[in-house]
Amino acid sequence: MLTIASEIEVLARFGRALADPIRCRILLALREAPAHPADLAETLGISRTRLSNHLACLRDCGLVAAVPVGRRTRYELADERLGHALDDLRTAVVAVETDRTCVEADEKGCC
């Protein structure tokens, strides 16, 4: 059963998806064009197993849709507006403090 997520839930799901660089790369690739998992794995240079786990996360977040095409499955963005949102996020200017408060930023890959 499909349900409509609240605005806060949508933002949280989008944030969860964008929290991982591989998922970001998948979303940007699907922004360009729908693709089959084997092609995505090759393009991104990751194993199919790893890709499958990330696609499952993106499906659970409601950001990508699996479309059966014969015996194969093609993935695409669940809503074309996601492509516009990704463009806006990619081109947004982010102000970053040079004096970070998180001392573990480099080790954890955060901040």
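Heads up: the structure comes first, above all this text.
Position labels on residues start from 1 in each chain and follow its written sequence. Per-residue local features are limited, in this predicted model, to residues with pLDDT of at least 70; the limit for side-chain atom pairs, both in listing and counting, is 80 or more; totals at the level of whole chains, interfaces and linings are taken over all residues. Side-chain descriptors were evaluated using all non-hydrogen atoms of the structure, hydrogens and water having been removed beforehand.

(A) Summary view of the overall build of the chain. What the chain contains, in helices and strands, is six helices and two strands. Ordered by position from the N terminus, the helices and strands of the chain form the series α-α-α-α-β-β-α-α. Classification of residues uses two cut-offs on accessible area relative to the type maximum, computed with a 1.4 Å probe and protein chains only: under 20% is buried, over 50% is exposed, and between them is partly exposed. In the chain, buried positions account for 24% of the 111 residues. Residue burial considers only the protein chains on display, and all accessible areas are found by Shrake-Rupley using a 1.4 Å probe. In the form shown here, the chain has an accessible surface area of approximately 8200 Å², with 52% of it arising from carbon and sulfur atoms. For the purposes of this entry, the term helix denotes a DSSP run of H or I that reaches at least four residues, the term strand denotes a run of E that reaches at least two, and both are numbered from the N terminus.

(B) Structural view of helix α4 (residues 48–60). Look at α4: 18 Å from first C-alpha to last across 13 residues, which is about the 18 Å you get at 1.5 Å a residue. Of the positions making up α4, those classed as buried are L51, H54, L55, C57 and L58. Viewed along the axis of α4, the buried residues span an arc of 155 degrees, placing them on a single side of the element. In α4, the exposed residues that point more than 90 degrees away from the buried face are T49, N53 and D60. Contacts from the buried residues of α4 go to α1 (7–18), α2 (21–32), α3 (37–44), β1 (64–69) and β2 (72–77). Positive backbone phi, approximately 80 degrees, marks G62, located one or two places after α4. The length a helix should cover is 1.5 Å for every residue beyond the first. Here, the arc refers to the directions that run from the helix axis to the C-beta atoms. The contact definition used throughout considers only heavy atoms, calling two residues in contact when any of these lie within 4.5 Å.

(C) Geometry of the nonpolar core. Side-chain atoms within 4.5 Å link the members of a nonpolar core, which is a set of buried Ala, Val, Leu, Ile, Met, Phe, Trp, Tyr and Cys residues. Counting 22 residues, the largest nonpolar core has I26, L27, L30, L51, L58 and L63 as the members making the most contacts within it. Among the secondary structure elements, those contributing two or more residues to this core are α1, α2, α3, α4, β2 and α5 (80–91). Excluding residues within four positions of it along the chain, L27 makes contact with A17, L18, L58, L63, V64, L77 and L86.

(D) Up close: the pairing of β1. Strands are treated as partners if at least two bridges between them are detected by DSSP. Relative to β2, β1 runs antiparallel, the two sharing six bridges. Residue V69 lies in a different strand from β2, and its bridge partner there is R72. Hairpin geometry of β1 and β2 is characterised by an intervening segment of two residues between the two adjacent antiparallel strands and by a positive phi of about 65 degrees at G70.

(E) Highlighting the side chain of H54. Locating H54 in the fold gives a position in helix α4. Using a relative accessible area of 10% as the deciding quantity, one classes H54 as buried. Dropping the residues within four chain positions of it, H54 is found in contact with D20, I22, R23 and I26.

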